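Structure assessment
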Amino acid sequence: MQVEQHAVCYWSKQLTGVFCGIFFGMAQMKGLMTLAIFGMVNLSITWIVVSKYVSEDPKDLQQGVHEGFMPSIAGFLLTWITTNTAVSG
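Let me sum up the structure you'll find in this document. Being a predicted model, the structure only gives us computed values, none of them experimental.

**Here we look at the nonpolar core**
- By size, the foremost hydrophobic cluster in this structure holds 5 residues: C20, F24, F38, F76 and W80.
- Contributing elements (two or more residues each) for this core: α1 (3–26) and α4 (69–88).
- Excluding residues within four positions of it along the chain, C20 makes contact with F38, V41 and F76.

Structure, rendered in structure tokens:
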């Protein structure tokens, strides 16, 4: 994959993490099930972005889906906890 394609994969994951964190925090979802749902949503959205807009090569698909997953979880947790705390008072 090219550098621009890596950037698309990475930043799509980060935006997904932040938006999911805000949504789940506003919905006051809690627990391990929320993390599991986030993981499925994040991987699904990234798979769609990579397969449709970035590359058709299976090796690139796997690399694009795995790249930036841990920072995405960190962004999700930060926004999820902050939003949930702010909403619940």
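**Looking at unusual backbone geometry**
- In the Ramachandran plot, Q28 falls in the positive-phi region, its phi being about 55° despite a non-glycine side chain.
- Here Q28 lies in the loop between α1 and α2 (32–54).

**Brief notes about a nonpolar patch on the surface**
- Taken together, the side chains of L15, V18, F19, I22, M26 and V87 make up a nonpolar region of the molecular surface, amounting to roughly 540 Å² of accessible area.
- The leading source of residues in the nonpolar patch is α1, at 5 residues.
- Taking relative accessible area as the criterion, F19 reaches 56% and is therefore assigned exposed.

Each value, and the rule that gives it
- Numbers given for residues are sequential positions, taken from 1 along each chain in its written order.
- With the structure being a predicted model, the display of local features is reserved for residues of pLDDT at least 70 and the display and counting of side-chain atom pairs for 80 or more, all residues being used for whole-chain, interface and lining totals.
- Values shown for side chains rest on all heavy atoms present in the structure; no hydrogens or waters enter the calculation.
- Throughout, nonpolar core names a set of buried Ala, Val, Leu, Ile, Met, Phe, Trp, Tyr and Cys residues whose side chains join them through atoms within 4.5 Å.
- Only protein chains enter the accessibility calculation, which uses a 1.4 Å probe; a residue whose area is less than 20% of its type maximum is buried, one above 50% is exposed, and one in between is partly exposed.
- Only DSSP runs of H or I reaching four residues or more are called helices, and only runs of E reaching two or more are called strands; each is numbered from the N terminus.
- The contact rule is simple, with two residues in contact once any of their heavy atoms fall within 4.5 Å.
- In this analysis, a patch consists of residues with relative accessible area above 30% that form no salt bridge, clustered at 9 Å for like charges and at 5 Å for the nonpolar side chains Val, Leu, Ile, Met, Phe, Trp and Tyr.
- The accessible surface values rely on the Shrake-Rupley method and a 1.4 Å probe; as for residues, cover is taken only from the protein chains in view.
- Definition used for salt bridges: Asp or Glu carboxyl oxygen within 4 Å of a side-chain nitrogen of Lys or Arg.

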